[in-house]
There are 2 protein chains.
Amino acid sequence: MGNVTLKNIAEILGISITTVSKALKDYPDVNKETRDSVRLLAEKLDYKPNPLAINLRNKESKTLGVIIPRVDHNFYSTVVNGIITEAEDRGYLVIILFSGDSSSLEEDQVKLLLEKRVDGVLMSMATETEEIGHIKELIKKKIPLVLFDKTTEEISCSKVRIDDKKASFKAVEYLIETGCKNIVHFRGPLPPQAYTDRFLGYKEALEKHNITYDPSNVYVCDELTFNEGYEFTKKALEEHPETDAIFAMTDLVALGSLAYCQANGIRVPDQISIMGFSNWFMSQNSTPKLSTVHQPIKELGKEAISILIEEIQQRKNEFPVKHFTAQLPTEVIARGTTR
Amino acid sequence: MGNVTLKNIAEILGISITTVSKALKDYPDVNKETRDSVRLLAEKLDYKPNPLAINLRNKESKTLGVIIPRVDHNFYSTVVNGIITEAEDRGYLVIILFSGDSSSLEEDQVKLLLEKRVDGVLMSMATETEEIGHIKELIKKKIPLVLFDKTTEEISCSKVRIDDKKASFKAVEYLIETGCKNIVHFRGPLPPQAYTDRFLGYKEALEKHNITYDPSNVYVCDELTFNEGYEFTKKALEEHPETDAIFAMTDLVALGSLAYCQANGIRVPDQISIMGFSNWFMSQNSTPKLSTVHQPIKELGKEAISILIEEIQQRKNEFPVKHFTAQLPTEVIARGTTR
DNA sequence: TAGTGTAACGAAAACGTTTGCGGTTAATAT
DNA sequence: ATATTAACCGCAAACGTTTTCGTTACACTA
């Protein structure tokens, strides 16, 4: 029904399927006239090679699987933007699957991808994932795998991450250099690693500038919401009245901080500097505008896909593949909430 | 390499491929013992049917194509969430492609999907799209198509939309019923239709309550940014000092309005009520919290996919398909910025 | 005359699966 | 003894490509 095949063309022209195929792919052993007539007819009939057949023959699907915790979140939707665009540019299609940050769902999705025979897998691990058997399974089956964002040392594959520690270090250093001495840090939960790295950067900056690190200056946010930022600011300011800066691990929380300060007549940045993280677009819509750390999220997606495709090509050509971890650079953006 | 096939199992067991296939699919004409031994071995070897081969034989890919303007935007990432989850539940995989709101890119993406032989296409049209030849092409080639969100009457297919007009009507009626008489409306650009529908709902509510519609009370935002909300509020209040309510076509713009009022000592909602649209999560993080209209975005995605898959099944069974337009209901959420 | 070269084409296998149909055996019925 | 039936199995075609390896026909060389 409907779709034109090589066979159709061959029958109409009274030649073999082989010749039609060759004519279309510029094989040298086909007469110029034959070739032209084939091409003409193919054009006229709007012939499109059936990828299902090609894939079966070539044992590849030109499709990549991507597993992320969710997509309705600024970070992931931006990264997906980079992933899909880059993949398409390189001739691959992408299938997105969600783990919902659940370990068992993540496992199911890996299995699904395995069954669907994607050419490679890109994934950001679910926060709660500790059993990594299903990921090792991928390695064992020789499916090219690249981990990004939320990664683990326990898996031997290429990884792409934001250099959270350095980013955080630079942000805190900026606060110190602009005169802050009592810097409170709102960190995220223990896994994922990224939040710990940001905390480590905070600590390191303090140490470098001879400010003694006080654990009670660090508050752990669980939900990473605006409200948490608001409430923890209140708490922090009560417990540490001497505070002159707040470094929050994400913009939304920082915005909550800012809201608390404004609601309570605390001048920002004169009394308290506030530094966010992510450069979410809303950070430009506060008054004053939020200072933050820009992370190249879309580029993260692009880079991850590039590395994955690279590895697929290498394996196909039986080149040796070497794994590595790429750390993408960040940038402090000083706006109105810092001095 | 690597992957187990029916042939492998057949050879090991010394039986034919046919029998192996049948054993695995519970055909009645295979001996219980044979069946068991096949299943056992298949299990042991971790046999997974090759979808590429199955697809080729069945002439279907169990894959759906989705074209949206972008994904790094709350509305679309939420809708994509619904789309992917629902599709997966029903045994389909999804390929997402972006049109970037460009007509020519949209055309390219349609072509790509056509070449890839997806079983159906779901799409939200690019704003600038006026040439719809490529969409008609889909219809002509009998590819099941469902339009959602940004649709057009010129294409005969099923559509799924938010009932923007009614939503807007209810929102404005709420403002009127809580005592507002001079309601300014910030609308969006002309295409897409949704913004016009929201405007129409605004007008209709006015008329129903015998408030004369004044075109100068309607301002057209082009960018739909926070800043536009801020600036247009300033302008509107200068031009219409009697204004007692602002109805913005989206939450971000409404948040900009709120910011202007607060920066200029205008009491919300006492002096001016503000109503947003979308129930974006940030609408809960302002003080006072933003009143808005909730739209079931994720459900929109689910509904669209359901209809598409339904249509695919119908065609496969050669049932007649009938097209229709589903309008999803909305809900006014009164919070702190309205009386 | 036999051998060599070359241009143009096609047969066939392969990728892995599904399924209509026919075949074989053994048991049962007439 | 013959016919009928049921139970079990496998051949082969089909899905649409790609590519290896022939084959054919013809011209040219020695």
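Up top is the structure these notes are about.
First, a word on what this report is: a plain description of the structure on this page. (Residues numbered from 1 in each chain as written. Chains lettered and ligands numbered in written order. Predicted model: local features only at pLDDT ≥ 70, side-chain atom pairs only at ≥ 80, totals over all residues. Heavy atoms only, no water.)

Here's the deal with the protein's contact with DNA strand D
Step number 1: Neighbouring DNA strand D are 27 residues, the closest being Leu6(A), Arg57(A), Thr19(B), Lys22(B) and Asp29(B).
Step number 2: Sugar plus phosphate, as a fraction of atoms of DNA strand D within 4 Å of the protein: 61%.
Step number 3: Within the side chain of Lys22(B), one N or O atom sits 2.4 Å away from a base oxygen of DNA strand D.
Step number 4: Lys59(B) is positioned with one of its side-chain polar atoms (N or O) 3.3 Å from a phosphate oxygen of DNA strand D.
Step number 5: Contributing elements (two or more residues each) for the surface near DNA strand D: helix H2 (17-24) and helix H4 (51-58) of chain A together with helix H2 (17-24) and helix H4 (51-58) of chain B.
Step number 6: It is H2(A) that provides the largest number of residues to the surface near DNA strand D, a total of 4 residues.
Step number 7: Considered class by class, the residues forming the surface near DNA strand D number 10 nonpolar, 9 polar and 8 charged. (Near = heavy atom within 4 Å. Polar contact = N/O pair within 3.5 Å; in protein donor to acceptor, adjacent residues only side chain to side chain. Helix = DSSP H or I, 4+ residues; strand = E, 2+ residues; numbered from the N terminus. Nonpolar A, V, L, I, M, F, W, Y, C, P; charged D, E, K, R; others polar.)

Considering the interface of chain A and chain B
The extent of an interface is frequently quoted as the accessible surface area lost upon association of the parts.
Step number 1: In this assembly, 43 residues from chain A lie in contact with 43 residues from chain B.
Step number 2: Summing the contributions of chain A and of chain B, the shared interface buries around 4,100 Å²; its carbon and sulfur component is 65%.
Step number 3: Our count for the chain A to chain B interface comes out at 2 salt bridges.
Step number 4: Here Asp46(A) ties to Lys141(B) by a salt bridge, and the two come within 2.7 Å at their closest N and O atoms.
Step number 5: Where chain A meets chain B, there are 8 residue pairs in polar contact (both at pLDDT 80 or more).
Step number 6: For the side of chain A that touches chain B, the secondary structure elements donating two or more residues are H4, helix H5 (74-89), strand E2 (93-98) and helix H6 (103-115) of chain A. (Contact = heavy atoms within 4.5 Å. Buried area = accessible area lost by both parts, 1.4 Å probe. Salt bridge = Lys/Arg side-chain N within 4 Å of Asp/Glu carboxyl O.)

Considering the sheet that holds strand E9 (residues 273-275) of chain B
Residue and element names in this part refer to chain B.
Step number 1: Within the open sheet, the 4 strands sit side by side as E7-E6-E8-E9. Their pairing is parallel. The open sheet is flanked by strand E7 (218-220) and E9, the only strands paired with a single partner. Put simply, the sheet's adjacent strands are angled 15° from each other on average, direction ignored.
Step number 2: Helix H8 (residues 164-177) contacts strand E6 (183-187), strand E8 (245-248) and E9 of the sheet and is inclined by roughly 170° relative to E8.
Step number 3: Sheet strands in contact with helix H11 (residues 251-263) are E6, E8 and E9, and its direction is about 160° off that of E9. (Pairing = 2+ DSSP bridges. Axes fitted to C-alpha atoms, helices over the stretch in contact; angles between N-to-C directions.)

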